[in-house]
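An overview of the molecular structure
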Amino acid sequence: MFFDDLSSFLAMGGHAEYVWLSYGLAAVIVAINFISPVLTRKKIIKDIERQLRREQK
Amino acid sequence: MWTRLKRLYHKMGSPKWFYEITTRWSKWFMAVGSILMLTGVVWGLAFAPADYLQGNSFRIIYIHVPASLLSQSAYIMMAVAGLVGLVWNMKMSFVVGKVIAPIGASLAILSLLTGAIWGKPTWGTWWVWDARLTSMLILLFLYFGVIAIYNAIENDEMANKAAAVLAIVGSINIPVIKYSVEWWNTLHQPATITLTKKPTMAPEMFIPLMLTILGFYCWFAVWVFARTRNEILFKERKTNWVKKLLQSGHKKTTGAQL
Amino acid sequence: MLMALLKRDLLLAFRNRGDLLNPLMFFMIVASLFPLAVSPDPELLGVIAAGVIWVGALLATLLSLDLMFKSDYEDGSLEQMLLMPQPAMLMVLVKVLVHWLVAGLPLAFIAPLLGLMLGLPNGGFMPLILSLLLATPILSLLGAIGAGLTVGLRKGGMLMPLLILPLYIPVLIFASGSVQAGVQGSDYLGHMAFLGAYLALTLVVAPVAAAAALRISLAR
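All of these numbers come straight from a predicted model, not from anything done at the bench. (Residues numbered from 1 in each chain as written. Chains lettered and ligands numbered in written order. Predicted model: local features only at pLDDT ≥ 70, side-chain atom pairs only at ≥ 80, totals over all residues.)

**Re the overall build of chain C**
Tallying secondary structure elements over chain C gives nine helices and zero strands in all. Its helices and strands in sequence order give chain C the pattern α-α-α-α-α-α-α-α-α, from N to C terminus. Expected size for 220 residues packed as a compact globule is a radius of gyration near 17 Å; at 18 Å, chain C falls within 12% of this value. The dimensions of chain C, computed from C-alpha atoms along their principal axes, are 55 × 35 × 30 Å. A separation of at least 24 residues holds for 80% of the contacts in chain C among residues at least 6 apart in sequence. (Helix = DSSP H or I, 4+ residues; strand = E, 2+ residues; numbered from the N terminus. Rg over C-alpha atoms; globule rule 2.2 N^0.38 Å. Contact = placed C-beta atoms within 7 Å.)

**A look at the overall build of chain B**
Counting its regular elements, chain B contains nine helices and zero strands. Element order for chain B, N to C, with α for helix and β for strand: α-α-α-α-α-α-α-α-α. In terms of overall dimensions, chain B has a C-alpha envelope of 60 × 40 × 40 Å along the principal axes. Looking at chain B as a whole, 44% of its 258 residues qualify as buried. (Buried ≥ 20, exposed ≤ 12 C-beta atoms within 10 Å, placed from the backbone.)

**Focus: the confidence of the model for chain C**
Scored by pLDDT, chain C has a mean of 88; 99% of the residues are at 70 or more. Looking across chain C, the model is least confident in helix α4 (residues 66-74) of chain C, with a mean pLDDT of 82, and most confident in helix α7 (residues 125-150) of chain C, with 92. (pLDDT = per-residue confidence, 0-100.)

**Re the environment of Tyr150 of chain B**
Residues and elements named next belong to chain B. Structurally, Tyr150 is set in helix α5 (residues 131-152). Each C-alpha atom of the pair Tyr150 and Val242 lies 25 Å from the other, and the pair is 92 residues apart in sequence. Once residues within four sequence positions are removed from consideration, Tyr150 is found in contact with Lys98, Ala101, Ala159 and Ala163.

**A few points about the interface of chain B and chain A**
Facing the 33 residues of chain B at the interface are 29 residues of chain A. Secondary-structure elements contributing two or more residues to the side of chain B that touches chain A are α2 (15-47), α4 (91-123), α7 (203-235) and α8 (240-247) of chain B. Considering every element that reaches the side of chain B that touches chain A, the biggest residue donor is α4 of chain B, with nine residues.

**Let's talk about the interface of chain C and chain B**
In this complex, chain C contributes 15 residues to the contact, which on the side of chain B involves 13 residues. Those elements giving two or more residues to the side of chain C that touches chain B turn out to be α2 (17-37) and α6 (88-117) of chain C. In terms of residue class, the side of chain C that touches chain B is built from nine nonpolar, four polar and two charged. (Nonpolar A, V, L, I, M, F, W, Y, C, P; charged D, E, K, R; others polar.)

**Focus on the packing of helix α3 (residues 42-64) of chain C against α7 of chain C**
All names here are of chain C. At their nearest, the axes of α3 and α7 sit 11 Å apart, and the two run at 30° to each other. Judged on the interaxial angle alone, α7 and α3 are roughly parallel. In terms of crossing hand, the pair formed by α3 and α7 is right-handed. Of the residues in α7, those in contact with Ala50, Ile53, Ala57, Leu58 and Thr61 of α3 are Leu128, Leu132, Leu139 and Gly143. Looking at the contact of α3 with α7, its residues break down into seven nonpolar, two polar and no charged. (Axes fitted to C-alpha atoms, helices over the stretch in contact; angles between N-to-C directions. Parallel < 35°, antiparallel > 145°, perpendicular 65-115°, else oblique. Left-handed = near helix turned anticlockwise from the far one by under 90°.)

**Re the packing of α4 of chain B against α5 of chain B**
All names here are of chain B. The contact between α4 and α5 brings their axes to 9 Å, and the two run at 150°. Comparing the axis directions of α4 and α5 gives the class roughly antiparallel. Viewed along their axes, α4 and α5 form a crossing whose handedness is left-handed. Seen from α4, the contacting residues are Lys98, Ala101, Pro102, Gly104, Ala105, Ala108, Ile109, Ser111, Leu112 and Gly115; seen from α5, they are Leu133, Met136, Leu137, Leu139, Leu140, Tyr143, Val146, Ile147 and Tyr150. Classifying every residue of the contact of α4 with α5 by side-chain character gives 15 nonpolar, three polar and one charged.

**Some points on the nonpolar core**
Among the nonpolar cores identified, the biggest contains 138 residues, and Tyr143 of chain B together with Ile53 of chain C are the most heavily contacted of them. In terms of residue count, the dominant contributor to this core is α4 of chain B (16 residues). Dropping the residues within four chain positions of it, Ile53 of chain C is found in contact with Ala31, Ala111, Leu114, Gly115, Leu118 and Leu128 of chain C. (Core = buried A, V, L, I, M, F, W, Y, C linked by C-beta atoms within 7 Å.)

**A look at the environment of Arg7 of chain B**
Residues and elements named next belong to chain B. Take Arg7: it is sitting in helix α1 (residues 2-12). For Arg7, a count of 10 C-beta atoms within 10 Å gives the class exposed. Residues Arg7 and Gly170 lie 163 residues apart in sequence; the distance between their C-alpha atoms is 32 Å.

**Quick look at α4 of chain C**
One full turn of an α-helix is made of 3.6 residues, so residues set three or four places apart face in the same direction. All names here are of chain C. Burial in α4 covers these residues: Leu67, Met68 and Phe69. In an axial view of α4, the angular spread of the buried residues amounts to 165°, which keeps them on one side of the axis. Those residues of α4 hidden inside the fold are in contact with α2, α3, α5 (77-82), α6 and α7. Backbone geometry just after α4 places Gly76 at a positive phi near 90°. (Arc of directions from axis to C-beta.)

**Quick word on unusual backbone geometry**
One non-glycine residue, Asn89 of chain B, lies in the positive phi region at around 55°. By the C-beta count within 10 Å, which is 10 here, Asn89 of chain B ends up exposed.

**Thoughts on the environment of Val181 of chain B**
All names here are of chain B. For Val181, the position within the fold is in helix α6 (residues 156-188). The exposure class assigned to Val181 is buried, which follows from the 20 C-beta atoms found within 10 Å. Here the alpha-carbon distance between Val181 and Phe220, two residues 39 residues apart in the chain, equals 28 Å. Those residues in contact with Val181 that sit more than four places away from it in its chain are Ala131, Thr134 and Ser135.

**Things to note about the confidence of the model for chain B**
Residues and elements named next belong to chain B. Taken residue by residue, chain B gives an average pLDDT of 85. The fraction at 70 or more is 91%. Ranking the elements of chain B by mean pLDDT puts helix α9 (residues 251-256) last, at 47, and helix α3 (residues 61-88) first, at 94. Residue range residues 252-258 is modelled with pLDDT below 50. Its contacts to residues more than four positions away, or to other chains, number twelve contacts.

The structure is reproduced here in structure tokens:
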């Protein structure tokens, strides 16, 4: 472990804002890339199922 | 041998086959990618030694470099997919190209943002018009163009072809753009500090970089597969295999797999 | 009736996400052209940043004015709207509001980012945002006149900017002037007051003029 303790790890030698902002942004963009297709998929499946039910009537 | 290739070619054109095989592969890419990313990030953030000149801000490299590399190679992949679609008339290829565009653009944005953030403690300003950042910005504009053309054309077939042409033209121009930007840069600035160290990095700093690069690529595959499957589901919604897929309890696949 | 029109136009605008993003992306690209064409030297850029951003905003708005009337003209609904019992100038106001929300306001949000990239000095950011917030409605209002005059013309594309740009010049002068003032640390309230007055004037004049322009265009 390069850092002595948790607080110096979080402080990143004075560069905390830069490092954590970057990793935070990365987390956001990664999350969007994972979640967006899941939401779209749910919507598509709902639409298809609605269409199927309509046809079965 | 030729019959093998021919069969593969026909299979690749089949949405159903594509759907099934990407569903299987996604699990592996997700698992491998997550392990690589977790190891790489933890190693890079907590265990790698700080840089002699830049201190701890250099740790941004573990995000910035993968995002840059990936957004550049994603554009090439998108162009190649467009080319394959045009030349061999393979619709699945067009679909893959289409879904890559927003992902690549988001990674270019990540690269630009982390580059700017890294630049602040290193150069003192949030943004510098150095050759690398400027080229990445232009790459983002190229992505914008492809996305805009998909949005503008309603007919699917026309949109695919138009976007493919644009992506191919863009990728051919990338070396020209890079060269001009570098030439422009030499006129205005002395040799700039490069953001990435050449591989004279100590292995404890270099290996986590390799891990996060590979991890990002694996996750990229997961994202491409997920979006491609959505396009397939939508396009093939009237077919029997999709109907059967939904009835046979798709619900257990939405959670575990992407 | 007007509320229905407002809701319909907003819905249509957000459905077509390409239309929302194109002016923004154009704005970004145009602003980026200047460092490439002139010099990336931060000091020089800092001096011209306000002007570059404002010219970019003007051009981006001009490009987006197509949205206002064109699609309604093409499917005939524009004629129907002019036949509504409400005065046509109110209908124009609705269209202007939608255009401003969709095409003008986002420019105000992206501008600080461009300011960072072009090395705008710190004092300039506040007047930049304020001037954009205050002046983009003016751009939409004046733009409605130009769009109304040229809707339906096949060669309207190049003509409309020629018609409206002279009207935009006072906005440009006072808006970028306010940013320069802010950069130098002096007071920019006077500039904002001018913009506010110009907005008030345009709010009264432009819808009437644009409605008249539309009637002329549709009578053709």
